[in-house]
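Structure assessment
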Amino acid sequence: MNTYYAANLLIFAGVDIIACLALNLQFGVSGVVNFSFIVFQAAGAYAAALLSMPPDTAPDYSFQIYVGGYQLPFPLPWIGGAIVGGLLALPLGLVVLRRLRADYQAIALLVTSIIANTVINNARPLLNGAAGLALVPQPLDGLVNTSTNSYQYLYVGLTAVSVAVVWFVAARIVNSPYGRTLRAMRENELAASALGKNPTALKMTIFVVGGAIAGLSGAILVGFLQVWAPSTWLYPETIILFAAVIVGGRGNNVGAILGALLVPVGFEEVTRLLGRMNIGPPNLIPALEWVCIGLLILGFLWFRPKGVVPEQRRVFPGAPAVEEETRWVVGKRAH
Amino acid sequence: MPISEPMLGARDIHRHFEGMHAVDGVSIEIMPGRITGLIGPNGAGKSTLMAVLAGTLPALSGTIVFQGEDISRLPAYQRARRGLVRTFQLPSEFGQLTVLENLLVAAPDNRGESLLGALLGKRYWMPDETRLVAQARGLLKRFGLLPKESDYAGMLSGGQKRLLEIMRALMLRPRLLLLDEPMSGVHPSIVNEIAGYLEQLRDDGLTILMVEHELHIVDRLCDPVIVMAQGKVIGQGSMAVLRRQPEVVDAYLVG
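In this text, all values refer to a predicted model and were calculated from it rather than measured experimentally.

**Observations concerning the overall build of chain B**
- Secondary structure summary: chain B contains 10 helices and 10 strands in total.
- With the principal axes as the frame, chain B shows a C-alpha extent of 65 × 40 × 40 Å.
- Each of the 255 residues in chain B was classed as buried or not, and the buried ones make up 49%.
- In chain B, of all internal contacts separated by at least 6 residues, the share reaching a separation of at least 24 is 65%.

This is the structure:
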């Protein structure tokens, strides 16, 4: 296994893990069916690209047209990608998450994903249209030699640090009272609102957090690939991530990681290996990949809806501390 | 507030569904410290009125004053935070949460319930959590469900789910509890148990408005009783008085 291949595999795994942790927060924990998830990854990627590229008037870049081009040093493009992903969630969430019922929210988000892709694909002056952005500078370009093997491993390291940060955030959310309220909203939104929870505010916060994490994943991806075009973020990419979260285990961060390794990474590898064997007509294997992903989702929802690693049951340990006096329930309110 | 002031006053509440008058100009007052019953035949508009009072359904018109404040335009979650808490006719437990977690979700004032609080970590919110766990366990003990605290709420029996919903509402320290058929789907042997708990809560000073079909329960717990039929209030008073009113008898008490 050569260095480039190994680094490639690890970086894709890291990006998919980050994306699945974010989607798990939204879909697995909170029940927000974000069918436009990939748009947030794309927004982060475009943002990181524009923040690190020179303006399109620069000599080597004049074959593309795009807005901006700020040549900011690392890690600003990655941070910017996360911020843009989070900011994009604000207007989209305010339109979609406020008044619509959950199933219509999912439809609206799916349509948003298709529209966004079509618009970017056709509006060339914005982000170079269908051809997309190319020659995106890699992080620390100019400071270190980016064409060496050790740079590949440096990139793996930067990705690993990002995975650790996202894991930390996701774990704190899932294990907190805030995460518990999100799960309650997922179970029964009307009952949660009757208990003083504001469903719109809860959905908005997790939409923004998930959007920011998705944006970061896009920034990491574009820094490695150095290209980004509408064909890399078609809406089926979101479905693959949903398959990963469903297979791994909705609501469980470990499950999300496992799902990321089994579905996007695993399928990519299997497809690549089978592709070498020249089985059937040229497009047979990629087409079968989609059939398999569809069957995988159906199979798990049917036979093992909780996934490989189901959501944990939270038990409060120790000898029960019981407050015997319960007349406080009708007493003065604390606020 | 003086004891003679109503806890909640609703005036001229209207709510239509597809042209049908589900609630058609209802005005009621709920006095503190009592269990007020709400009875009437199916389709009388009882559940709709409960939903409108709690804010889970918007009213077309009318005003609702709760503890001296006009809450007509507040969303459900803000009414709940002011102490107006409802339960549902159908079981509405958070099935994939444990019994104890169901109660903890309902508790206000947990520093870990905001995104920022969650990110600050256990050390920031654990004191609140510990205090609320002890309170929740106190309620579970009082209602006999302490051994079930770690069970998924979805696995409870019908009667236990009802109790869980009442306890969950109590975690908010309600001033007025709206119970929508708290005995429905409950084994008869548990009905008396739940009735006993509601009497205790009333004696502790809680105000309750409850929709109920079982007349022996209404007889035992509720005074006064409001009778609705076809979206309107057709009678009000103690059961003894209502039994002598022909229109109430026609609409509900027989047939």
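**Considering the sheet that holds strand S9 (residues 225-229) of chain B**
Residues and elements named next belong to chain B.
- Reading across from one edge, S6-S7-S8-S3-S9-S10 is the order of the 6 strands in this open sheet, with mixed pairing throughout. One side of each edge strand has no neighbouring strand; the edge strands of this open sheet are strand S6 (84-86) and strand S10 (232-237). If you compare each strand with its neighbour and ignore which way they point, the axes differ by 20° on average.
- Taken together, the 5 bridges between strand S7 (residues 176-180) and strand S8 (residues 207-211) define a ladder with parallel strand orientation. The residue bridging Leu179 from the neighbouring strand is Met210, located in S8.

**What about the nonpolar core?**
- Ranked by internal contacts, the top residues of the largest apolar core, which has 177 residues, are A:Ile18, A:Cys20, A:Leu21, A:Ala49 and B:Val227.
- Both of domain 1 (8-93 + 174-253) and domain 2 (96-155) of chain B provide at least three residues apiece to this core.
- When sequence neighbours within four positions are dropped, the list of residues in contact with B:Val227 reads B:Ile39, B:Gly40, B:Val233, B:Ile234, B:Gly235, B:Leu242, B:Val248, B:Ala251 and B:Tyr252.

**Description of the pairing of strand S1 (residues 8-17) of chain B**
Residue and element names in this part refer to chain B.
- Where S1 and strand S4 (residues 61-66) come together, 5 bridges link them in antiparallel fashion. Its bridge partner lying in S4, Gly9 is registered against Val65.
- As judged from the 8 bridges shared by S1 and strand S2 (residues 20-30), these two strands associate in the antiparallel manner. Paired with Phe17 across the strands is Met20, a residue of S2.
- Linking S1 back to S2 in an antiparallel pair, the connection comprises 2 residues, with Glu18 at a positive phi of about 50°.

**Digging into helix H3 (residues 99-106) of chain B**
- In terms of residue burial, H3(B) counts as a mostly covered element, since 8 of its 8 residues are buried.
- Those residues of H3(B) that sit buried are B:Val99, B:Leu100, B:Glu101, B:Asn102, B:Leu103, B:Leu104, B:Val105 and B:Ala106.
- The inward-facing, buried residues of H3(B) abut helix H7 (177-187) of chain A together with helix H5 (122-142) and helix H6 (158-170) of chain B.

**Regarding the confidence of the model for chain B**
- Averaged over all residues, the pLDDT of chain B is 92; the fraction at 70 or higher stands at 97%.
- Prediction confidence for the complex, expressed as pTM and ipTM, is 0.93 and 0.92 respectively.

**Focus on the interface of chain A and chain B**
- The interface is formed by 43 residues belonging to chain A together with 53 residues belonging to chain B.
- Sorting the residues of the side of chain A that touches chain B by element identifies helix H6 (149-174), H7, helix H8 (189-194) and helix H9 (199-225) of chain A as the ones contributing at least two each.
- Looking at the side of chain A that touches chain B, the element that brings in the most residues is H7(A), giving 8 residues.
- Class assignment of the residues belonging to the side of chain A that touches chain B gives a composition of 19 nonpolar, 11 polar and 13 charged.

**Structural notes on the domain arrangement of chain B**
- Parsing chain B into structural domains produces domain 1 (8-93 + 174-253) and domain 2 (96-155).
- Look at where the C-alpha atoms of domain 1 of chain B and domain 2 of chain B centre, and you get two points 29 Å apart.

**Section: the environment of B:Val241**
Residue and element names in this part refer to chain B.
- Within the secondary structure, Val241 sits in helix H9 (residues 239-242).
- Given 13 C-beta atoms within a 10 Å radius, Val241 is considered partly exposed.
- In sequence terms Val241 and Gly158 are 83 residues apart; their C-alpha atoms lie 34 Å from each other.

**With respect to the packing of H3(B) against H6(B)**
Residue and element names in this part refer to chain B.
- One can describe the packing of H3 onto H6 by two numbers: an axis separation of 7 Å at closest approach and a directional angle of 30°. The orientation of H3 relative to H6 falls into the category roughly parallel. Between H3 and H6 lies a crossing whose hand is right-handed. For the pair formed by H3 and H6, the contact residues are Val99, Asn102, Leu103 and Ala106 on the first element and Leu164, Met167, Arg168 and Ala169 on the second.
- Partitioning the contact of H3 with H6 into residue classes produces 6 nonpolar, 1 polar and 1 charged.

**A look at the sheet that holds strand S5 (residues 69-70) of chain B**
- Taken in spatial order, the 4 strands make up an open sheet running S2-S1-S4-S5 (chain B), and their pairing is antiparallel. Unpaired on one side and paired on the other, S2 and S5 of chain B mark the two borders of the sheet.

**Describing the packing of H3(B) against H5(B)**
Residues and elements named next belong to chain B.
- H5 packs onto H3 with a crossing angle of 120° between their chain directions and a minimal axis gap of 10 Å. Between H3 and H5, the angle is such that the two are oblique. For the pair H3 and H5, the crossing hand works out as right-handed. For the pair H3 and H5, contact is made by Leu100, Leu103 and Leu104 and by Leu132, Val133, Ala136 and Leu139, respectively.

**What about unusual backbone geometry?**
- Put simply, A:Phe74 and A:Pro75 share a cis peptide bond, and its omega is 5°.
- Within the secondary structure layout, A:Pro75 lies in the loop between helix H2 (37-52) and helix H3 (76-96).
- Across the junction of B:Asp223 and B:Pro224, the peptide omega takes the value 5°, indicating a cis bond.
- Within the secondary structure, B:Pro224 is located in the loop between helix H8 (215-221) and S9.
- Backbone geometry places A:Gln226, a non-glycine residue, at a positive phi of 70°.
- Within the secondary structure, A:Gln226 is located in the loop between H9 and helix H10 (236-248).
- The class of A:Gln226 is partly exposed, set by 16 C-beta atoms lying within 10 Å.

**Re the environment of A:Lys203**
Residues and elements named next belong to chain A.
- Counting through the fold element by element, Lys203 comes out in helix H9.
- By the C-beta count within 10 Å, which is 24 here, Lys203 ends up buried.
- Sequence separation of Lys203 and Ala102 is 101 residues, and the distance between their C-alpha atoms is 11 Å.
- Filtering out sequence-adjacent residues up to four positions away, Lys203 remains in contact with Ser30, Val32, Gly93 and Leu97.

Rules behind the numbers
Residues numbered from 1 in each chain as written. Chains lettered and ligands numbered in written order. Predicted model: local features only at pLDDT ≥ 70, side-chain atom pairs only at ≥ 80, totals over all residues. Helix = DSSP H or I, 4+ residues; strand = E, 2+ residues; numbered from the N terminus. Buried ≥ 20, exposed ≤ 12 C-beta atoms within 10 Å, placed from the backbone. Contact = placed C-beta atoms within 7 Å. Pairing = 2+ DSSP bridges. Axes fitted to C-alpha atoms, helices over the stretch in contact; angles between N-to-C directions. Core = buried A, V, L, I, M, F, W, Y, C linked by C-beta atoms within 7 Å. Domains from an automatic or database assignment. pLDDT = per-residue confidence, 0-100. Nonpolar A, V, L, I, M, F, W, Y, C, P; charged D, E, K, R; others polar. Parallel < 35°, antiparallel > 145°, perpendicular 65-115°, else oblique. Left-handed = near helix turned anticlockwise from the far one by under 90°.

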